[in-house]
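Working through the structure, step by step
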Amino acid sequence: MKILMYAVLEPEKKYIQEWSAKTGVEVKCVAERLDANTVEWAKGFDGIDFQQTQSLEPVVYQKLHEYGIKQLTARMVGYDMIDFDLAKKYDLTVTNVPAYSPRAIAEMGLTQALRLVRKLGYYDKRMDNLDFRWAGLESTEIYNLTVGIIGAGHIGGATAQLYSALGAKVIAVDPIHRVELNPYLEYTDLETLLQTADIVTIHTPLNESTANLFNSATFKKMKKTAYLINMARGGIVNAADLIAALQSQEIAGAALDTLADEGQFFEKQATPEEIPEDYKTLRAMPNVLISPHSAFYTDTAMKNMVAMGLDDVVAIVNGKRPQFEVYK
Ligand code: NAD
């Protein structure tokens with residue numbers, strides 16, 4: 001069996017080689033994404049696997065069908081680049097990797113929250129000036145705090161378990177109430193969460209209900225001592241309003257793993273000109289932590305992302321039911 005993997009990033013290669021050695025399936029990797037120009041490379045392969053946010057052009061579905069390929073496997077959570085009507089028309093089964101490692105993102109969110117709570121950004125700044133004083137930087141302890149989770153799905157649920165294990169009170173807002181999370185959290189409404197949480201941590205998709213959800217009105221409802229953690233998508237938080245809220249001390253700090261316009265410098269060495277002013281302002285604040293959409297980047301997550309996608313390609317090629325088929 002031969003599989004062609006599109007849009008392969010350097011850090012994935014080690015895990016692809018490991019999977020290939022274990023399964024005996026040949027995998028060819030290309031850096032380019034799957035599109036009208038590159039779909040022809042799939043000729044002669046049994047299956048394909050890709051990750052990208054750009055929509056697949058109609059010709060891609062048609063050509064894959066002509067080449068005898070039976071699936072579209074996105075080795076990522078999102079699948080909005082796929083037109084399900086065309087996939088159906090050309091007999092392509094769609095699979096994704098819905099949860100390669102919720103703990104990876106949950107642990108990163110917790111790490112950043114602890115850094116904020118312990119005011120480490122301020123200490124770092126003092127230490128840079130050989131200022132060894134700690135006055136004015138009294139902290140608190142995590143089990144004294146209430147953590148508010150916006151979106152308690154795979155990642156939010158894992159986040160609830162981590163904070164709960166540390167003794168914090170965990171509350172959550174999610175239209176879906178999951179009984180399996182009852183030992184770790186209490187469901188509430190958004191107003192109550194904003195007014196009572198010491199740490200507000202976002203784990204929803206970016207959709208109509210969450211775009212710009214954190215804006216000047218939202219920040220005004222939060223505690224002045226509260227920290228905002230966004231490990232989800234940049235578009236959920238209005239960066240200009242966040243800056244204003246931090247400058248006027250409406251909230252105490254923020255950690256952002258994702259930024260609204262990050263597409264242009266995602267996993268790249270950026271130049272200062274490419275970076276929007278908002279980000280530069282945020283980056284300069286000692287109570288703001290910015291990471292480059294790296295919350296997912298652990299050994300377990302990378303291994304699962306590669307293997308879960310490729311295992312499903314093999315299942316479909318062998319006429320079996322894949323584990324992560326997406327229906328729409
Ligand atoms: P999930 O689908 O398991 O959970 C999302 C939850 O959000 C669901 O329970 C859903 O009901 C809830 N939700 C949707 N709209 C809501 C709203 N308006 N208010 C409250 N809750 C709402 O998804 P997941 O696997 O936990 O991933 C969550 C998000 O994390 C992804 O959509 C993605 O944006 C982000 N993510 C980030 C990284 C990273 O590296 N930083 C990696 C993977 C995923």
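Residues numbered from 1 in each chain as written. Predicted model: local features only at pLDDT ≥ 70, side-chain atom pairs only at ≥ 80, totals over all residues. Heavy atoms only, no water.

Describing the pairing of strand 2 (residues 26–29)
Sheet analysis places strand 1 (residues 2–5) next to strand 2, joined by four bridges and oriented parallel. Among the inter-strand pairings, I3 is bridged to a residue of strand 2, identified as V27. For the crossover that starts at strand 1, traverses helix 1 (residues 13–23) and ends in the parallel strand 2, the hand is right-handed. (Pairing = 2+ DSSP bridges. Helix = DSSP H or I, 4+ residues; strand = E, 2+ residues; numbered from the N terminus. Right-handed = clockwise from strand over helix to strand, strands pointing away.)

Some details on the sheet that holds strand 10 (residues 227–230)
Strand order in the open sheet formed by seven strands is 8-7-6-9-10-11-12, with parallel pairing between adjacent strands. Because the sheet does not close on itself, it has two edges, and the strands there are strand 8 (186–187) and strand 12 (288–290). In the sheet, strand 6 (residues 146–150) pairs with strand 9 (residues 199–202) via four bridges, with the strands oriented parallel. Along strand 9, the bridge assignment pairs V147 with I199. This element, helix 6 (residues 154–165), spans strand 6, strand 7 (169–173) and strand 9 of the sheet and lies at about 175° to strand 6. Docked against the sheet, helix 9 (residues 239–247) engages strand 10, strand 11 (253–256) and strand 12, running at close to 150° with respect to strand 11. (Contact = heavy atoms within 4.5 Å. Axes fitted to C-alpha atoms, helices over the stretch in contact; angles between N-to-C directions.)

A closer look at the pairing of strand 7
Summarising burial for strand 7: four of the five residues are buried, a large majority. Looking at chain direction, strand 6 and strand 7 are connected through five bridges and run parallel. Residue pairing in the sheet places I149 in a bridge with A172 of strand 7. For the crossover from strand 6 across helix 6 to strand 7, the handedness is right-handed. With two bridges connecting them, strand 7 and strand 8 associate as parallel partners. When the bridges of strand 8 are listed, I171 appears paired with E186. (Buried < 20%, exposed > 50% of the residue type's maximum accessible area, 1.4 Å probe, protein only.)

Structural notes on the site of the ligand
Near the ligand lie 25 residues; those nearest to it are H154, I155, D174, S209 and D257. Between an oxygen atom of the ligand and a main-chain N or O atom of F296, the distance comes to 3.2 Å. The fraction of the free accessible surface of the ligand (860 Å²) that becomes covered by protein chains is 86%. Residues belonging to the shell around the ligand are distributed by class as follows: twelve nonpolar, nine polar and four charged. (Near = heavy atom within 4 Å. Polar contact = N/O pair within 3.5 Å; in protein donor to acceptor, adjacent residues only side chain to side chain. Areas by Shrake-Rupley, 256 points an atom, 1.4 Å probe, with all protein chains shown as cover. Nonpolar A, V, L, I, M, F, W, Y, C, P; charged D, E, K, R; others polar.)

Comments concerning the domain arrangement of the chain
By convention, interface size is frequently given as the accessible area that disappears when the constituent parts associate. Looking at the chain, the domain boundaries give domain 1 (2–100 + 298–317) and domain 2 (102–290). Relative to domain 2, the C-alpha centre of domain 1 lies at a distance of 33 Å. Listed by partner, the interface residues are six residues for domain 1 and five residues for domain 2. Carbon and sulfur atoms make up 82% of the surface buried where domain 1 meets domain 2, a total of about 380 Å² over both sides. When the buried surface of domain 1 facing domain 2 is broken down by residue, L9, A99 and Y100 rank first, second and third, together holding 61% of it. Summed over the shared surface of domain 1 and domain 2, the result is zero salt bridges. Run the count over domain 1 and domain 2 and you get zero residue pairs in polar contact (both at pLDDT 80 or more). (Domains from an automatic or database assignment. Buried area = accessible area lost by both parts, 1.4 Å probe. Salt bridge = Lys/Arg side-chain N within 4 Å of Asp/Glu carboxyl O.)

Some remarks on the packing of aromatic side chains
As enumerated under the stated definition, the model contains five aromatic pairs in all. Here the aromatic rings of Y79 and F84 are separated by 5.8 Å at their centres, their planes lie at 70°, and the arrangement is edge-to-face. Here the aromatic rings of F265 and Y279 are separated by 6.1 Å at their centres, their planes lie at 85°, and the arrangement is edge-to-face. Placement of the pair is F265 in the loop between strand 11 and helix 10 (277–283) and Y279 in helix 10, with a sequence separation of 14 residues. Of the two residues, F265 and Y279, both sit in the buried class. By way of ring pairs, the aromatic residues Y100, F296 and Y297 are connected into one cluster. Sitting over the ring of F45, K2 keeps its end group 5.1 Å from the ring centre. (Phe/Tyr/Trp six-rings, centres within 6.5 Å; stacked < 30°, edge-to-face > 60°. Lys NZ or Arg CZ within 6 Å of the ring centre and 35° of its normal.)

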